[in-house]
Amino acid sequence: MATLLAGLFPFVCNPAHAVDGGPVEFNRDIRPILSDNCYQCHGPDANKRKAKLRLDTEADAFRDEAGVRPFVAGKPSESEAYRRITTADADDLMPPPDSGRALTDSEKELVRRWIEQGAKWQNHWAFIPAKRPGFPLGQARAGGWPLNVIDHFILDRLRAGQLAPSPVAGRRTLIRRATLDLTGLPPTPAEIEAFAADSSPRAYERLVNRLLASPRYGEHMAQAWLDAARYADTNGFQADRTRNQWHWRDWVVDALNRNMPFDQFTIEQLAGDLLPKPSLGQLIATGFNRNHMLNGEGGAIAAETQVEYVVDRVETTGTVWLGLTVGCARCHDHKYDPISQNEFYRFVCLFQRTAGARRRRHGAHYQGAHAGTGGQDQATRDHAGRAPSRAQSALGQVRRRA
Ligand code: HEC
Ligand code: HEC
């Protein structure tokens, strides 16, 4: 198979870095060079900055300061930074020889090619919107591949790494893998025999559909989300008392089994209570915001525990929905952190308004699954005790059902 593939795919590119003549990517190829060799003196730290030059922001890297331009798209000979890394004059050379740093020839070459190719800057990869990739067309078949549209993309990557698709697994292996993957459980002996004996070309499709329809599917898929959303059946801390958070857990399992779209899954958990005429399920969904630990210690200081709860909500929401760990910004700004402390506390402010967030007796106040992002009105009314909270009425309904 290896020889066959080599014949089929004479052009092989290594996806890990730009090959000769291939496109140079700023984030993959250039940023690491600048970061390792230049940012110490031309980076975000204003106190350590030399020659008032920054090379970590696009505007500065392309600035024109009295005719000196660090990078000029398409023109290495006019790019002062390129001249500085290639000059024979030790007085001008960058990084300065006494810094103990030096660029290799291939790094200099990459910088030259990047400039020649247009010196395209990229922001931090996490903030580049995902783009639908072009469809990898016109590929030769290999080992019976591709079988479906997704295979085209897999085959494309395999080809880039000079790999061949693995042979198709036998029936007994296949049902075991698919069942464990989709339900977390092994197939029963009867299921294995039935699948092994099913010679229909649609047997595998039917197997997958049966597994997707199984309630075990949602239970299995929920696990990763429950972990990310810090689900627990007890409150944590010293007494670690039991809590009735399983209503929310069951909501997640059910949402996955019903194949709820991710946007709805998000809306209901973050702010289901703010939807027009929210259903009981939509109220329970907001239990996401109450998955943090609860401190029932007698001497706990209410204001302090409340801050901890709200910070937990901010950090978890940042991590699971923004894909961004924002927690470091709680106490101070960082040179490389795109989230400032100021922004962290603006986020805190949002959750500070959450219904129930201001109750005083933190050991006793935890009543049930619900805590939406909530409107301030609701929170204020709850606080003043003038209206029963939606949390209480939702819990009442759950209790009546249970
Ligand atoms: C240890 C500190 C240090 C490091 C590391 C360093 N530089 Fe410099 N750089 C300086 C100093 C000091 C100057 C001002 C003196 C001079 O012009 O030679 C300077 C000046 C420059 C200038 C000229 C700025 C102007 O306006 O004239 C450029 C361009 C430059 N550096 C690029 C780089 C690049 C690219 C790197 C990494 C490959 C780098 N430097 C790494 C200290 C450093
Ligand atoms: C609970 C508050 C708090 C949080 C959260 C926090 N820090 Fe800090 N950080 C501090 C304090 C206080 C100092 C100063 C310590 C000292 O000077 O002894 C510090 C110092 C630092 C320093 C040294 C700065 C310097 O100039 O010497 C770095 C780097 C740092 N923190 C990074 C981080 C990172 C990364 C995170 C997230 C993983 C983080 N911090 C989260 C409170 C915090």
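Calculation criteria
- Residues numbered from 1 in each chain as written.
- Chains lettered and ligands numbered in written order.
- Predicted model: local features only at pLDDT ≥ 70, side-chain atom pairs only at ≥ 80, totals over all residues.
- Helix = DSSP H or I, 4+ residues; strand = E, 2+ residues; numbered from the N terminus.
- Buried ≥ 20, exposed ≤ 12 C-beta atoms within 10 Å, placed from the backbone.
- Contact = placed C-beta atoms within 7 Å.
- Near = placed C-beta within 6 Å.
- Nonpolar A, V, L, I, M, F, W, Y, C, P; charged D, E, K, R; others polar.
- Core = buried A, V, L, I, M, F, W, Y, C linked by C-beta atoms within 7 Å.
- Axes fitted to C-alpha atoms, helices over the stretch in contact; angles between N-to-C directions.
- Parallel < 35°, antiparallel > 145°, perpendicular 65-115°, else oblique.
- Left-handed = near helix turned anticlockwise from the far one by under 90°.
- pLDDT = per-residue confidence, 0-100.
- Expected span 1.5 Å × (residues − 1).

### Topic: the overall build of the chain
Phase 1 of the analysis: When helices and strands are counted, the chain shows 18 helices and zero strands.
Phase 2 of the analysis: Looking at the chain as a whole, 22% of its 402 residues are labelled buried.
Phase 3 of the analysis: The contacts of the chain with a sequence gap of at least 6 include a subset with a gap of at least 24, amounting to 55%.

### Here we look at the site of ligand 1
Phase 1 of the analysis: Around ligand 1 lies a shell of 23 residues, among which Cys38, Cys41, Lys50, Met94 and Ser99 are the nearest.
Phase 2 of the analysis: At four residues, the largest contribution of residues to the shell around ligand 1 is made by helix 5 (residues 80-86).

### What to know about the site of ligand 2
Phase 1 of the analysis: In the vicinity of ligand 2, the contacting residues are Gly327, Cys328, Arg330, Cys331, His332 and His334.
Phase 2 of the analysis: In terms of residue class, the shell around ligand 2 is built from two nonpolar, three polar and one charged.

### Observations concerning the environment of Tyr309
Phase 1 of the analysis: Mapped onto the elements, Tyr309 comes out in helix 15 (residues 302-322).
Phase 2 of the analysis: The class of Tyr309 is buried, set by 23 C-beta atoms lying within 10 Å.
Phase 3 of the analysis: Distance in space between the C-alpha atoms of Tyr309 and Asn291 is 9.4 Å, their sequence separation being 18 residues.

### A closer look at unusual backbone geometry
Backbone geometry follows two general trends: most residues other than glycine have a negative phi, and most peptide bonds adopt the trans configuration.
Phase 1 of the analysis: Between Met94 and Pro95 the backbone carries a cis peptide bond, its omega angle lying at -10°.
Phase 2 of the analysis: Tracing the backbone shows Pro95 in the loop between helix 5 and helix 6 (105-116).
Phase 3 of the analysis: Backbone geometry places Asn259, a non-glycine residue, at a positive phi of 60°.
Phase 4 of the analysis: Position of Asn259 relative to the elements: it lies in the loop between helix 12 (246-257) and helix 13 (262-271).

### Some points on the nonpolar core
Phase 1 of the analysis: Grouped together as the largest cluster of nonpolar side chains are 15 residues, with contacts concentrated most on Val111, Trp114 and Ile115.
Phase 2 of the analysis: Every element with two or more residues in this core is listed here: helix 5 and helix 6.
Phase 3 of the analysis: When residues in this core are grouped by element, the largest group, four residues, is from helix 6.

### As for the packing of helix 11 (residues 215-228) against helix 12
Phase 1 of the analysis: Where helix 11 contacts helix 12, the two axes come as close as 8 Å, and the packing angle between them is 120°. The orientation of helix 11 relative to helix 12 falls into the category oblique. Taken as a pair, helix 11 and helix 12 cross one another with a handedness that is right-handed. Here Pro215, Tyr217, Gly218, Glu219, Met221, Ala222, Trp225 and Leu226 of helix 11 come into contact with helix 12, specifically with Arg249, Val252, Val253, Asp254, Leu256 and Asn257.
Phase 2 of the analysis: Taken together, the residues of the contact of helix 11 with helix 12 break down into nine nonpolar, two polar and three charged.

### Focus on the confidence of the model for the chain
Phase 1 of the analysis: A residue-level look at the chain finds 82% of positions with pLDDT of 70 or above and a mean pLDDT of 84.
Phase 2 of the analysis: Across residues 1-16, where pLDDT falls below 50, the model places 16 contacts with residues more than four positions away in sequence or in other chains.
Phase 3 of the analysis: Overall, residues 357-402 carries pLDDT values under 50, and its contacts beyond four positions in sequence, including any with other chains, amount to 91 contacts.

### Regarding the environment of Leu53
Phase 1 of the analysis: With respect to the helices, strands and loops of the structure, Leu53 is situated in the loop between helix 3 (39-42) and helix 4 (58-61).
Phase 2 of the analysis: Assessed through the 19 C-beta atoms surrounding it within 10 Å, Leu53 is described here as partly exposed.
Phase 3 of the analysis: Put simply, Leu53 and Gly43 are ten residues apart on the chain and 7.9 Å apart in space, counted from C-alpha to C-alpha.
Phase 4 of the analysis: When near neighbours in sequence (up to four residues on either side) are disregarded, Leu53 contacts His42, Asp60 and Pro70.

### With respect to the packing of helix 8 (residues 171-183) against helix 10 (residues 203-213)
Packed helix pairs are specified by the crossing angle of their axes together with the interaxial distance, meaning the distance between the axes.
Phase 1 of the analysis: Two elements in contact, helix 8 and helix 10, have axes separated by 10 Å at closest approach and are oriented at 25°. Overall, the two elements helix 8 and helix 10 adopt an arrangement that is roughly parallel. The interaxial crossing formed by helix 8 with helix 10 has right-handed handedness. Taking contact as the criterion, the partners of Leu174, Ile175, Ala178, Thr179, Leu182 and Thr183 in helix 8 are, on helix 10, Tyr204, Leu207, Val208, Leu211 and Leu212.
Phase 2 of the analysis: In terms of residue class, the contact of helix 8 with helix 10 is made up of nine nonpolar, two polar and no charged.

### Some thoughts on the environment of Arg176
Phase 1 of the analysis: Within the secondary structure, Arg176 is located in helix 8.
Phase 2 of the analysis: Put simply, Arg176 and Thr188 are twelve residues apart on the chain and 9.2 Å apart in space, counted from C-alpha to C-alpha.
Phase 3 of the analysis: What Arg176 contacts, discounting residues up to four positions off in sequence, is Pro186 and Pro187.

### What to know about helix 15
Phase 1 of the analysis: The end-to-end C-alpha distance of helix 15 is 29 Å, a good match for the 30 Å that 21 residues give at a rise of 1.5 Å each.
Phase 2 of the analysis: Within the span of helix 15, buried status applies to Tyr309, Val310, Arg313, Val314, Glu315 and Thr317.
Phase 3 of the analysis: Immediately beyond the C-terminal end of helix 15, within one or two residues, lies Gly323, with a positive phi of roughly 65°.

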